[in-house]
Amino acid sequence: SILSLKRRHIVLELSARQKQIVDIVKKEQPVSGEKISELMEISRATLRSDLSFLTLVGILKATPKVGYTYSGNDFFDTFRKKAEDIMISPVLVSQDTSIQDAVIRLFMYDADVLYVIDEKKLLLGIGSRKDLLRAALSSSIGTTPIAVCMTRMPHLRTCHKDMNILEVAALLQDFAIDSLPVVEKDNERKILGTVTKTALLDYIIQEARQAEVKRQE
């Protein structure tokens, strides 16, 4: 299978048949679909989806009247990148910051969430756009601290810097959240950065565009 999921650890890999196709192309290139089918003793109809996929992700290049060649560009490498490769600096506020100031900070930095820290700069909680909007409608925002409306530890979803970005994307999707704090493994309250849906999508699109350019060279 292309994706295998074990205990929430996501590993990207080609199927055995797809690996065999890539090995044949590396050895025989340029090689036609008919030749690959003949060598594998599998019908072209059966191979069609595998060849289409390998071409789509940039592992193989298909040239009319020439055949398939190995491009050496594995788009799966994109998903093997780590959270630390795409994390950005979090917007930090103290727990006594007023909701009014927190809202200003949120929009000033165009952030998805604010990370609330204590005097030792350890994570206490987060204030999302939804949290702050709800509080702004029902509180005296100039005097009420963000601590009143934030989501507190340990009820936060976090990630570690060595998680691959597909694992991070799965957490964002599964829990319907816009960002994840990147924290130390041995201290879940020590925040290193944040990964947002926007940053993640921007990175994947950029890598996909680069892969397409290389595939067409």
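This is a predicted model, so every value here is computed, not measured. (Residues numbered from 1 in each chain as written. Predicted model: local features only at pLDDT ≥ 70, side-chain atom pairs only at ≥ 80, totals over all residues. Heavy atoms only, no water.)

Asker: Would you mind showing me how to read the overall build of the protein chain here?
Answerer: If you tally the helices and strands in the protein chain, you get nine helices and 10 strands. Looking at the protein chain residue by residue over its 217 residues, the buried ones come to 42%. Taking the contacts inside the protein chain whose residues are at least 6 apart along the sequence as the reference set, 55% of them involve residues at least 24 apart. Working note: accessible area of the protein chain is about 12600 Å², and carbon and sulfur atoms make up 52% of it. (Helix = DSSP H or I, 4+ residues; strand = E, 2+ residues; numbered from the N terminus. Buried < 20%, exposed > 50% of the residue type's maximum accessible area, 1.4 Å probe, protein only. Contact = heavy atoms within 4.5 Å. Areas by Shrake-Rupley, 256 points an atom, 1.4 Å probe, with all protein chains shown as cover.)

Asker: Got a minute to help me understand the packing of aromatic side chains in this structure?
Answerer: For the structure on display, the rule yields zero aromatic pairs. In this arrangement the basic side chain of Lys26 is found over the ring face of Tyr70, its NZ or CZ atom lying 4.7 Å from the centre. One Lys or Arg, Arg157, reaches over the ring of Phe175 and ends 3.8 Å from the middle of that ring. (Phe/Tyr/Trp six-rings, centres within 6.5 Å; stacked < 30°, edge-to-face > 60°. Lys NZ or Arg CZ within 6 Å of the ring centre and 35° of its normal.)

Asker: Would you take a moment to explain the pairing of strand E6 (residues 113-117) for this structure?
Answerer: For a regular strand, side-chain orientation follows a simple rule: the groups alternate between the two sheet faces. Most of E6 is tucked away, with five of its five residues classed as buried. On E6, burial covers both faces: Val113, Tyr115 and Ile117 on one face and Leu114 and Val116 on the other are all buried. One ladder, built from three bridges, connects strand E5 (residues 92-94) with E6; its direction is parallel. In the sheet register, Leu92 faces E6, and the bridge partner there is Tyr115. This β-α-β element, E5 to helix H6 (residues 99-108) to E6, shows right-handed connectivity. What sits between E6 and strand E7 (residues 123-128) in their antiparallel hairpin is a turn of five residues, with Lys121 showing a positive phi close to 65°. (Pairing = 2+ DSSP bridges. Right-handed = clockwise from strand over helix to strand, strands pointing away.)

Asker: Quick question: what am I supposed to make of the pairing of strand E10 (residues 187-196) here?
Answerer: Taken together, the six bridges between strand E9 (residues 179-184) and E10 define a ladder with antiparallel strand orientation. In the sheet register, Val183 faces E10, and the bridge partner there is Ile191. Counting the residues between successive antiparallel strands, the hairpin from E9 to E10 contains two residues.

Asker: What is the right way to look at the nonpolar core in this model?
Answerer: Nonpolar side chains in soluble globular proteins tend to be buried together. Ile21, Ile36, Leu54 and Leu60 are the most contacted members of the largest nonpolar core, which totals 16 residues. Looking at this core, the elements that each hand over two or more residues are helix H1 (16-28), helix H2 (33-40) and helix H3 (44-56). When neighbours within four sequence positions are excluded, Leu54 is seen to be in contact with Leu14, Gln18, Ile21, Val22, Ile59 and Leu60. (Core = buried A, V, L, I, M, F, W, Y, C linked by side-chain atoms within 4.5 Å.)

Asker: For this particular structure, what's the right way to read the confidence of the model for the protein chain?
Answerer: Residues shown with low pLDDT carry predicted positions that ought not to be read at fine detail. Per-residue confidence for the protein chain gives a mean pLDDT of 85, with 88% of residues at or over 70. Per-element mean pLDDT across the protein chain ranges from 40 in strand E1 (residues 3-6) up to 96 in E5. Taken as a whole, residues 1-11 scores under 50 in pLDDT and shows 26 contacts with residues more than four places along the chain or in a different chain. (pLDDT = per-residue confidence, 0-100.)

Asker: What exactly am I supposed to notice about the environment of Leu192 here?
Answerer: Tracing the backbone through its elements, the reader meets Leu192 in strand E10. The class of Leu192 is partly exposed, set by a relative accessible area of 28%. Distance in space between the C-alpha atoms of Leu192 and Pro90 is 8.0 Å, their sequence separation being 102 residues. With residues near it in sequence (within four places) discarded, Leu192 still touches Met87, Lys161, Val182, Val183 and Glu184.

Asker: Can you walk me through a nonpolar patch on the surface in this structure?
Answerer: Taken together, Ile104, Met108 and Tyr109 make up a surface patch of nonpolar side chains, about 350 Å² in accessible area. Topologically, Met108 is positioned in helix H6. (Patch = residues over 30% accessible without salt bridge, like charges linked within 9 Å, V, L, I, M, F, W, Y side chains within 5 Å. Salt bridge = Lys/Arg side-chain N within 4 Å of Asp/Glu carboxyl O.)

Asker: Can you help me understand the pattern of salt bridges in this one?
Answerer: Close approach of charged atoms lets side chains of opposite charge pair. Summed over the entire model, instances satisfying the criterion amount to six salt bridges. As a salt-bridge pair, Glu34 and Arg44 come within 3.0 Å of each other at their nearest N and O atoms. Of the two residues, Glu34 sits in helix H2 while Arg44 sits in helix H3, which places them 10 residues apart along the sequence. On the basis of relative accessibility, which here comes to 37%, the residue Arg44 falls in the partly exposed class. Residues Asp162 and Lys185 are paired through a salt bridge, measuring 2.9 Å at the closest nitrogen-oxygen approach. With Asp162 in the loop between strand E8 (151-152) and helix H8 (165-174) and Lys185 in the loop between E9 and E10, the pair connects residues that are 23 residues apart, well separated along the chain.

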